[in-house]
Amino acid sequence: MNWTLVGAVLLSTAGLLVLGALALRLWLDARALAREVDGAVTALQRASGSD
């Protein structure tokens, strides 16, 4: 088997794994941010007295 082809496949696989890990991290950060924003909105609504 051609080692250049094997190297290209391994590099592309590693790149896809890194992109997947970054996408997972982005999703987790966005979910945490949404929870924080929801908590802030709830606190503001309670503070203004408009339940």
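Read on for a plain summary of the structure. (Residues numbered from 1 in each chain as written. Predicted model: local features only at pLDDT ≥ 70, side-chain atom pairs only at ≥ 80, totals over all residues. Heavy atoms only, no water.)

**Topic: the overall build of the protein chain**
- A tally of helices and strands in the protein chain yields one helix and zero strands.
- The C-alpha radius of gyration of the protein chain comes to 22 Å, more than 25% above the 10 Å expected for a compact globule of 51 residues.
- Its C-alpha atoms give the protein chain principal-axis dimensions of about 70 × 10 × 5 Å.
- Per-residue burial over the protein chain gives 2% buried out of 51 residues.
- Working note: accessible area of the protein chain is about 4600 Å², and carbon and sulfur atoms make up 70% of it.
- Of the side chains in the protein chain, 4 bear a positive and 4 a negative charge, and the two mean positions are spaced by 7 Å. (Helix = DSSP H or I, 4+ residues; strand = E, 2+ residues; numbered from the N terminus. Rg over C-alpha atoms; globule rule 2.2 N^0.38 Å. Buried < 20%, exposed > 50% of the residue type's maximum accessible area, 1.4 Å probe, protein only. Areas by Shrake-Rupley, 256 points an atom, 1.4 Å probe, with all protein chains shown as cover. Lys, Arg positive; Asp, Glu negative; His and termini not counted. Charge placed at Lys NZ, Arg CZ, Asp CG, Glu CD.)

**Let's talk about the environment of A43**
- In this structure, A43 sits in helix α1 (residues 3-48).
- Sequence separation between A43 and D29 is 14 residues; the distance between their C-alpha atoms is 21 Å.

**Digging into the environment of D29**
- Residue placement: D29 occurs in helix α1.
- When the C-alpha atoms of D29 and L44 are compared, they prove to be 22 Å apart, with 15 residues separating the residues in sequence.

**Focus on the pattern of salt bridges**
- This model, assessed by the stated rule, comprises one salt bridge.
- The residue D29 makes a salt bridge to R25 at a minimum N-O spacing of 3.2 Å. Taken as a pair, D29 and R25 lie in helix α1 at a separation of four residues, close to a single helical turn.
- The exposure class of D29 is partly exposed, given its relative accessible area of 39%.
- Exposure remark for R25: the relative accessible area of 53% places this residue in the exposed category. (Salt bridge = Lys/Arg side-chain N within 4 Å of Asp/Glu carboxyl O.)

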